Amino acid sequence: MEELKGLVVEREAQLIGVYVFAKDEIYRGIPLGKIRKSEKVWAGDYVYGHITEDDQFAITSIAPRKNFLIRPKIANVDRAIVVMTIIEPEFQSYLLDNLLVIYEKEGVGIVIVFNKLDLWGEEEKKEFEFWKGVYEKAGYPVLKVSAVTGEGIEDLVNFLEGEICIFAGPSGVGKSALLSKITGVELKCGELSRKTRRGRHTSRGVKLIPFGKGSFVGDSPGFSKVEASSIVDKREIKDYFPEFYKYECRFPNCTHTNEPDCGVREAFERGEIPESRYKNYLKMVGAFTSL
Ligand SMILES: Nc1nc2c(ncn2[C@@H]2O[C@H](COP(=O)(O)OP(=O)(O)OP(=O)(O)O)[C@@H](O)[C@H]2O)c(=O)[nH]1
Ligand SMILES: [Mg+2]
Ligand SMILES: [Zn+2]
């Protein structure tokens, strides 16, 4: 039997959808023997197997995962499109910084996208420029888009490189709207999830939608609160603030909180590291009192 490579693009309860590269089609995946018992199959998993007589995809093995995100559960993510807004809802730097730490830890490529550009007046434009400066300094690409007018969408599409991309961010920022705009696929979004948000988060499956030349994009439910420290060791969090790297401290294991001769703290005091980033870092590691 010919062994074929597939990508799990759908995972909802017992239903597994596998995109089979050689066929350019989605089959119902059936995990065989050993896998069914010992391993779970998640969206984003690269799998091997064969097509059965009744046209299903029998999964015989799962490739090792390069990373794994837990909300939603998805493996091998190449890039996260982190969607934020300036207004409706208001920008939340703490939530963004926590998400960035989690993706940095998992080695996921990141692009930060500010949506709802169509709602901005002068104030909001200024605020966007401010945050753009903060995050570009940390090394992240920052874009502005509108899912309503389509402005900036082309620039965003250029960032959807790699095979597996996901949209992430707070609730109501327009993740689903952007995904629909880009892929042309309508998704359930907005009100429906709002009511029973908690329940849906745990039960709702993941779906990766084929897009462009060999990419797949997935939506995720909105986050209302994220604490990186529940997933990432507090001592490790400093490693996921890229703008801290270039400073040296007296102690090699400096936590950048209250040690003497801390290069990071001094850089913050000189205004080189933005206040929001340093404060959010202290908050994450539980060391924030006042500055
Ligand atoms: N003005 C404006 N409204 C937008 C834009 N994008 C989305 N919206 C609206 O914002 C609301 C939320 O959009 P969704 O796409 O459901 O947001 P979401 O991020 O998927 O939200 P959750 O699924 O709850 O996490 C909807 O009413 C959209 O119509 C935009 O670019 N401009
Ligand atoms: Mg949504
Ligand atoms: Zn330090």
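Sequence order as written defines residue numbering, which begins from 1 separately in each chain. The lettering of chains begins at A and the numbering of ligands begins at 1, in the order of writing. With pLDDT at 70 or above as the cut-off, local features in this predicted model cover only qualifying residues; side-chain atom pairs require 80 or more to be listed or tallied, and sums for whole chains, interfaces and linings still use all residues. Each side-chain value is derived from all of the structure's non-hydrogen atoms; neither hydrogens nor water enter the calculation.

### Side note on the overall build of the protein
To be explicit about the condition: Only DSSP runs of H or I covering at least 4 residues are called helices, and only runs of E covering at least 2 are called strands; the numbering of each starts at the N terminus. This radius of gyration counts C-alpha atoms alone. The globule rule is 2.2 Å times how many residues there are, raised to the power 0.38. Burial here depends on accessible area, computed with a 1.4 Å probe over protein chains only, as a share of the maximum for the residue type. Under 20% is buried, over 50% is exposed, and the range in between is partly exposed. We call two residues contacting when some pair of their heavy atoms lies within 4.5 Å. Throughout, the Shrake-Rupley method with a 1.4 Å probe supplies accessible areas, and for residues the shown protein chains are the sole cover considered. His residues and chain termini do not enter the charge count, which takes Lys and Arg as positive and Asp and Glu as negative. In this description, the location of a charge corresponds to atom NZ of lysine, CZ of arginine, CG of aspartate or CD of glutamate.
Counting secondary structure elements, the protein contains nine helices and 13 strands. Taking 19 Å as the expected radius of gyration for a compact globule of 291 residues, we find that the protein reaches 21 Å, a close match to that expectation. In the protein, buried positions account for 48% of the 291 residues. When contacts within the protein are restricted to residue pairs at least 6 apart in sequence, long-range pairs at least 24 apart make up 65% of them. By element, 49% of the accessible surface of the protein is carried by carbon and sulfur atoms, the whole surface being about 14,700 Å². Counting 42 positive and 44 negative side-chain charges, the protein places the averaged centre of each group 5 Å from the other.

### Brief notes about the coordination of the zinc ion (ligand 3)
Convention followed: Water is not part of the atom set, so a site may look incomplete; the donors themselves are N, O and S atoms within 2.8 Å of the metal, or 3.2 Å for Na, K and Ca. Square planar and octahedral assignments, for four and six donors respectively, both demand that opposite donors be over 155 degrees apart and that all other angles lie between 65 and 115; tetrahedral needs four donors with all angles between 85 and 135 degrees, and anything else is irregular.
For the zinc ion (ligand 3), the full set of protein donor atoms is Cys249 (SG), Cys254 (SG), His256 (ND1) and Cys262 (SG), at a range of 2.1 to 2.4 Å. Because the angles between the four donor atoms bound to the zinc ion (ligand 3) fall within 102 to 116°, the donor set is best described as tetrahedral. Sequence spacing of the donors to the zinc ion (ligand 3): C-x4-C-x1-H-x5-C. For the pair Cys254 and His256, a shared accessibility class is recorded, and that class is buried.

### With respect to the pattern of salt bridges
To keep it simple, the criterion reads: The salt bridge definition used is simple: a Lys or Arg side-chain nitrogen within 4 Å of an Asp or Glu carboxyl oxygen.
On inspection of all chains with the given rule, the structure shows 13 salt bridges. With a closest N to O distance of 2.7 Å, Glu275 and Lys279 form a salt bridge. You can see Glu275 and its partner Lys279 sitting in helix H9 (residues 275-284), four residues apart, about one turn around the helix. For Glu275, a relative accessible area of 43% gives the class partly exposed.

### Topic: the packing of aromatic side chains
As a reminder of what qualifies: Aromatic rings from Phe, Tyr and Trp, taking only the six-membered ring of Trp, are treated as a pair when their centres fall within 6.5 Å; an angle between ring planes under 30 degrees marks them as stacked, one over 60 as edge-to-face, and anything in between as tilted.
Scanning the entire structure with this criterion turns up 14 aromatic pairs. Ring geometry for Phe114 and Phe128: centres 5.4 Å apart, planes at 80°, overall edge-to-face. Placement of Phe114 in strand E9 (residues 109-115) and of Phe128 in helix H3 (residues 122-137) is noted, with a sequence separation of 14 residues between them. In this structure, Phe114 and Phe128 share a single accessibility class: buried.

### Notes on the domain arrangement of the protein
To be explicit about the condition: Domain start and stop points were drawn from an automatic or database domain assignment. Here's the idea: put two parts together, see how much 1.4 Å probe accessible area each one loses, and the total over both is what we call buried area. Polar contact is defined as a pair of N or O atoms within 3.5 Å, subject to the rule that within protein one atom must be able to donate a hydrogen and the other to accept it, and that residues adjacent in sequence are counted only when both atoms are side-chain atoms. Polar here means any residue other than Ala, Val, Leu, Ile, Met, Phe, Trp, Tyr, Cys and Pro, which are nonpolar, and Asp, Glu, Lys and Arg, which are charged; Gly is therefore polar.
Domains assigned within the protein are domain 1 (4-62), domain 2 (70-218) and domain 3 (233-284). Distance between the C-alpha centres of domain 2 and domain 3: 27 Å. Counting residues at the interface gives 14 residues for domain 2, matched by 14 residues for domain 3. For the domain 2 and domain 3 pair, buried surface summed over both sides reaches about 1,300 Å², with 61% attributable to carbon and sulfur atoms. Along the contact surface separating domain 2 from domain 3 lie two salt bridges. With a shortest N-O distance of 3.2 Å, Glu236 and Lys105 are connected by a salt bridge. Linking domain 2 to domain 3 there are five residue pairs in polar contact (both at pLDDT 80 or more). Residue contributions to the side of domain 2 that touches domain 3 peak at eight residues, all from helix H2 (residues 93-105). Its residues assigned to classes, the side of domain 2 that touches domain 3 comprises eight nonpolar, two polar and four charged.

### Describing the pairing of strand E8 (residues 79-85)
How we decide: We treat two strands as partners when DSSP finds at least two bridges between them. Orienting the strands away from the viewer, one traces the path from the first strand over the helix to the second; a clockwise path indicates a right-handed crossover.
Counting buried residues along E8, seven of its seven residues qualify, which places the element largely inside the surrounding structure. Judged from the seven bridges that link them, E8 and E9 form a sheet pairing that is parallel. By the bridge assignment, Val83 is partnered in E9 with Val113. Crossover E8 to E9 through H2 is right-handed.

### Description of the site of ligand 1
For clarity, the cut-off: By convention in this text, a residue qualifies as near a molecule or strand provided that one of its non-hydrogen atoms is within 4 Å of it.
Residues in contact with ligand 1 amount to 21 residues; listed here are only the nearest, Asp118, Ala147, Ser171, Lys175 and Ala177. Ser171 has a polar side-chain atom sitting 2.8 Å from an oxygen atom of ligand 1. The backbone of Ala177 places a nitrogen or oxygen atom 2.9 Å from an oxygen atom of ligand 1. A total of 650 Å² of accessible area belongs to ligand 1 in isolation, and the protein chains cover 80% of it. Secondary-structure elements contributing two or more residues to the shell around ligand 1 are helix H5 (175-183) and helix H6 (191-195).

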